Amino acid sequence: MDSLDALAAVAGVELLPAATSEELRAFEKKQGLSLPTSVCSLYEQCNGLTIGPLAVRFLALAEVEELLAGFRQTGITDRWGYFPFLEASDSNPHCVCCDGPILGHVVHVFHDDLARLDFRDLESFIDPS
């Protein structure tokens with residue numbers, strides 16, 4: 001994911017160490033998801049990152065698991081196989097869809113409203129230019 005390299009060069013961006021293929025497979029098995037290639041590519045480069053000046057975080061796999069558990073407890077649908085990857089401290093994460101006709105698309109999931117389709121894929125989310 002070339003645009004991640006550009007993002008990593010920005011002041012205040014901190015990348016966490018990459019996830020291994022084994023960690024990704026274990027995550028998929030535990031969560032019952034089949035992650036799109038774009039998600040695996042991102043996490044094989046970094047298992048989360050922080051954009052300090054914006055208070056935005058790409059979540060580490062452990063944080064994704066916590067959010068998915070919260071989704072299940074609050075009744076947020078798993079119909080599209082949401083993979084919450086970005087949190088901006090507002091309880092409205094961006095998710096990649098891992099299932100259905102919008103597989104690979106990025107949706108913004110709101111805790112008090114309907115989800116909104118925002119991007120065709122993870123790459124265009126990271127680099128919308």
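Note that the structure is predicted; figures quoted are calculated from it, not measured.

The rules behind these values
- Residues numbered from 1 in each chain as written.
- Predicted model: local features only at pLDDT ≥ 70, side-chain atom pairs only at ≥ 80, totals over all residues.
- Heavy atoms only, no water.
- Helix = DSSP H or I, 4+ residues; strand = E, 2+ residues; numbered from the N terminus.
- Rg over C-alpha atoms; globule rule 2.2 N^0.38 Å.
- Buried < 20%, exposed > 50% of the residue type's maximum accessible area, 1.4 Å probe, protein only.
- Contact = heavy atoms within 4.5 Å.
- Lys, Arg positive; Asp, Glu negative; His and termini not counted.
- Charge placed at Lys NZ, Arg CZ, Asp CG, Glu CD.
- Phe/Tyr/Trp six-rings, centres within 6.5 Å; stacked < 30°, edge-to-face > 60°.
- Polar contact = N/O pair within 3.5 Å; in protein donor to acceptor, adjacent residues only side chain to side chain.
- Salt bridge = Lys/Arg side-chain N within 4 Å of Asp/Glu carboxyl O.
- Pairing = 2+ DSSP bridges.

A.B. asks: When you look at the overall build of the chain in this model, what are you seeing that I'm missing?
C.D. replies: Across its full length, the chain carries five helices and seven strands. Its C-alpha atoms give the chain a radius of gyration of 14 Å, within 12% of the compact-globule value 14 Å for 129 residues. A principal-axis box enclosing the C-alpha atoms of the chain has dimensions of 40 × 30 × 25 Å. Classification of the 129 residues of the chain by burial places 43% in the buried group. Contacts in the chain between residues at least 24 apart in sequence constitute 49% of all its contacts with a sequence separation of at least 6. Averaging the positions of the 8 positive and the 20 negative side-chain charges in the chain gives two centres separated by 8 Å.

A.B. asks: I tried to follow the packing of aromatic side chains on my own but got confused; where do I start?
C.D. replies: The description of an aromatic ring pair rests on the distance of the ring centres and on the angle between the ring planes. Within the structure shown, the criterion is met by seven aromatic pairs. Plain terms: the ring middles of Phe71 and Tyr82 are 6.4 Å apart, the flat faces sit at 80° to each other, and that makes the pair edge-to-face. You can see Phe71 sitting in helix α4 (residues 61-74) and its partner Tyr82 sitting in strand β4 (residues 82-87), a full eleven residues away along the chain. Aromatic side chains Phe85 and Phe125 sit 5.2 Å apart centroid to centroid with 85° between the ring planes, which places their arrangement in the edge-to-face category. On the criterion of sequence distance, the pair formed by Phe85 in strand β4 and Phe125 in helix α5 (residues 122-126) is long-range, its members being 40 residues apart. The exposure class of Phe85 is buried, given its relative accessible area of 0%. The rings of Phe58, Phe85, Phe119 and Phe125 are connected pair by pair, giving a single aromatic cluster.

A.B. asks: Explain the side chain of His108 to me, please; I cannot follow it from the model alone.
C.D. replies: You can see His108 is positioned in strand β6 (residues 106-108). Within the local environment of His108, its side chain forms a polar contact with the backbone oxygen of Asn92, the two atoms lying 2.9 Å apart. Those residues within four positions of His108 in sequence are excluded, and the remaining contacts are Asn92, Pro93, His94, Ala115, Arg116 and Asp118.

A.B. asks: I'm lost on the pattern of salt bridges in this one. Help?
C.D. replies: In a structure, side chains of opposite charge can pair up when their charged atoms sit close to one another. If you walk through the whole model with that rule in mind, you get four salt bridges. Two residues, Arg25 and Glu28, come together in a salt bridge whose shortest N-O distance is 2.6 Å. Here Arg25 pairs with Glu28, and both are found in helix α2 (residues 21-31), just three residues apart, close to one helical turn. The salt bridge involving Arg57 is made with Glu63; its shortest N-O contact spans 2.3 Å.

A.B. asks: For this particular structure, what's the right way to read the pairing of β4?
C.D. replies: Taken residue by residue, a regular strand's side chains alternate between the two faces of the sheet. The element β4 is largely enclosed, with a buried count of six among its six residues. By the bridge criterion, two bridges tie strand β3 (residues 56-58) to β4 in an arrangement that is antiparallel. From the neighbouring strand, Arg57 faces β4, where its bridge partner is Glu87. Bridge analysis of β4 against strand β5 (residues 94-97) gives four bridges, and the strand direction is antiparallel. Its bridge partner lying in β5, Phe83 is registered against Val96. Between β4 and β5, which pair antiparallel and follow one another directly, the connecting turn spans six residues, one of which, Ser89, has a positive phi of 60°.

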